[in-house]
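Inside the fold
So you can see what is in the structure, the chains are spelled out below.
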Amino acid sequence: MAGKSRFLLTEGTLQEAQAVAEQAKLDLTDLNSSVQSLYLSQDMGDHEVRLVELDSSMVKHLEAGNSLMVRGDKADMAVVCTDDSTFELKSTQTTNSLLLLPDCRAPEQLVGGDGCLLHKEVYCISHLYLELKQCRPKLKKLQTLLQENVFTGPEYESDEKHTGKKYTTTDLLSLIQASEKELLQELRKLHAVHYDGYWRLVDFDYMGNVLQYIMDTVDCQSWSYDQIPTDKLLSMEDNVYPRVVLQHCLDCYGDRKTMELDGGSEEVHVLSEDKVCRYFAEYLLKGVGKFNLAEFLQTWKESVPVGMTTDLQQLEGVALIDKKSHPQVISHFPVTGLPEDAPDRFNRLFRTREKWTLEDITPYIRDLCERKQTVGSLLTKFARASTLPDGTKVYNSRVPIK
Amino acid sequence: MVQFAIRMPQTEGGCPEWTMVELQGELETRDSSGLPGNRLGDLHFTKGGQPIVLIGHHVLHGKVVELEKPFAVLVKEKKKDNKDDSTDSMDTGDSAEDSEKCSDYLVKAVIRNKLVFKNRPRPIINLPHKKGL
């Protein structure tokens, strides 16, 4: 047995430990009488662990028997997902040695009196740990996946355009770096329908037909857009569209409400003027390129249902108006078609238009804000402010545009 | 994409709590023969609750720190059907195909406190040769 030195003994006694302490000039009267002798465990080399810094709520989440999902993409870093949030997993090296002791006693746990010598083992030593930083989920891939098989109605499901892959919630969670809540939120935003167990993007024109059908039915039945009796509508015998699809359209373009009527309460849908008008605007703008603004406003106004009022505010994040051109033009420019990564997003925006006012750019960068960021801090990071001759404050790119 | 879970096995008595001892620098071996199971040193506590560690020729004074964010000590779950799981999925997200299933990681312990020690120069003791640490 090699390795004996003046201070290192493979077995010891309390007295020997105290002698060592004395030799080290420690004041024994100020020390707790018990000593913990630290040993490196026999199979320390086999003990492979990962240290991850968690916040207390995650620990509670785990203690309750729940899981944290780790999702790693080929090119990207891995993320950790709880039920509703996504975190970037970052590996940190330290020059310090982190010794892990399964059984170390805290001072208040040491027995008093004459004390004793306790044998404690170091399970392993680490120089690495993982930190978690909350981040935006990576959802752009979702659109790419769902575009493989867009829903255009039950009658077309078996045709050659619909042989693409379809995805369930579980499928999507195993392919997208996001928590379940964030995934479902994005699916709602994309107006994806849960049809037959699969999430499907709905063809734009088809959705318009369904919406028109609903509005025609409401008119026919002399119901009000503010109070569409949901069940009555869905249960109508000669409905041209499947119940699931009608329900989905009502939810995309209206809000649910419970009305208290004599005889009990009833579930109704309140059609949203903003959402419906937005649909009609997109219908006009899609595939047109640039539309003369004045003509567009007139056409738009005439196309929406009677009683609904159009407003350019409804097109925030959907259309871009070029006020400097003569005549003024408007074009389709949906934020959902833009890159997800902040530098790429800003590059695309500045490529589309050299200078942006705060008002114009906000709807196109709002979704980039990480947890504690504001639109202002994003602009500070990715743009440069300047003032036009007429006093307007504008933002342009900080870097050459690609 | 690679996907796996971090889980805490539900056991009676709950998840064990470990302690971390943080030492500056590396623990060097005096010789390369290294014996597993070797004694590292002694840990004392003053009556005021301050930790003191004697390692080799060194006396290190430290303090007990409650971690703002607890650490989870994770170990890879051993799967019964031992698929080729040699790469550590925590390091890289590498996978040849979509959605590869990997071993889950289990929480072996939670660390809420650490004993932090400052020292200069490095302590010298006998340690097993540092392979695979």
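Report follows, based on the coordinates. None of these values were measured; they are calculated from a predicted model. (Residues numbered from 1 in each chain as written. Chains lettered and ligands numbered in written order. Predicted model: local features only at pLDDT ≥ 70, side-chain atom pairs only at ≥ 80, totals over all residues. Heavy atoms only, no water.)

Some points on the interface of chain B and chain A
In many analyses, interface size is given as the accessible surface area lost on bringing the parts together. Inclusion rule: It only takes one pair of heavy atoms within 4.5 Å for two residues to be counted as in contact. Using a 1.4 Å probe, buried area is obtained as the accessible area two parts lose upon being combined, added over both of them. For this analysis, a salt bridge means a side-chain nitrogen from Lys or Arg found within 4 Å of a carboxyl oxygen belonging to Asp or Glu. Any pair of nitrogen or oxygen atoms within 3.5 Å is treated as a polar contact; in protein, a donor-acceptor pairing is required on top of that, and neighbouring residues in sequence qualify only through side-chain atoms on both sides.
On the chain A side, the residues contacting the 71 residues of chain B number 76 residues. Here chain B and chain A share an interface that buries about 6700 Å² over both sides, 61% of which is from carbon and sulfur atoms. Across the chain B-chain A interface, the total number found is 1 salt bridge. For A:Glu63, the salt bridge identified is with B:Arg112, shortest N-O distance 3.2 Å. Linking chain B with chain A are 22 residue pairs in polar contact (both at pLDDT 80 or more).

Observations concerning the state of the cysteines
Any covalent bond linking the sulfur atoms of two cysteines counts as a disulfide. Going by this rule: Disulfide assignment relies on a single distance test, namely cysteine sulfur atoms paired within 2.5 Å.
Under the criterion given, the structure shown has 0 disulfides over all chains. Not part of a disulfide, A:Cys81 finds its nearest cysteine sulfur in A:Cys135, a span of 7.9 Å.

Some details on the pattern of salt bridges
Inclusion rule: Each helix corresponds to a stretch of at least 4 residues labelled H or I by DSSP, and each strand to a stretch of at least 2 residues labelled E; elements are numbered beginning at the N terminus. When accessible area is computed with a 1.4 Å probe and restricted to protein chains, residues below 20% of their type maximum are described as buried, those above 50% as exposed, and intermediate ones as partly exposed.
Taken as a whole, this structure holds 20 salt bridges over all chains when the rule is applied. Across the pair A:Glu316 and A:Arg366 runs a salt bridge, and its minimum N-O distance is 3.7 Å. Taken together, the residues A:Glu316 in the loop between helix H10 (293-303) and strand E14 (319-322) and A:Arg366 in the loop between helix H12 (358-365) and helix H13 (375-382) connect sequence positions 50 residues apart. What makes A:Glu316 partly exposed here is its relative accessible area of 42%. Judged by relative accessible area, A:Arg366 falls into the partly exposed class, the value being 46%. With a closest N to O distance of 3.9 Å, A:Lys355 and A:Glu354 form a salt bridge. Since its relative accessible area comes to 54%, A:Glu354 is described here as exposed. Here the residues in one salt-bridge network are A:Glu63, B:Glu17 and B:Arg112, joined through shared partners.

A look at unusual backbone geometry
Residue and element names in this part refer to chain A. With omega at -5°, the peptide bond leading from His326 into Pro327 counts as cis. Phi is positive for His191, close to 60°, though the residue is something other than glycine. Checked against the element boundaries, His191 lands in the loop between helix H5 (180-189) and strand E8 (193-195). For Ser222, which is not a glycine, the phi torsion comes out positive at approximately 55°.

Examining the sheet that holds E14(A)
Residue and element names in this part refer to chain A. Put simply, the test is: Strand pairing follows a simple DSSP-based rule, namely that at least 2 bridges must link the two strands. To obtain each axis, a line is fitted to C-alpha atoms, and for helices this fit is confined to the stretch in contact; angles are then taken between N-to-C directions over 0 to 180 degrees.
Strand order in this open sheet of 3 strands is E13-E15-E14, and the pairing throughout is antiparallel. Edge positions in the sheet fall to strand E13 (290-292) and E14, since each has one partner strand and no second. Shown here is a sheet whose adjacent strand axes are inclined to one another by a mean of 30°, direction ignored. Judged from the 4 bridges that link them, E14 and strand E15 (residues 329-332) form a sheet pairing that is antiparallel. Directly across from Ala319, in E15, lies its bridge partner His332.

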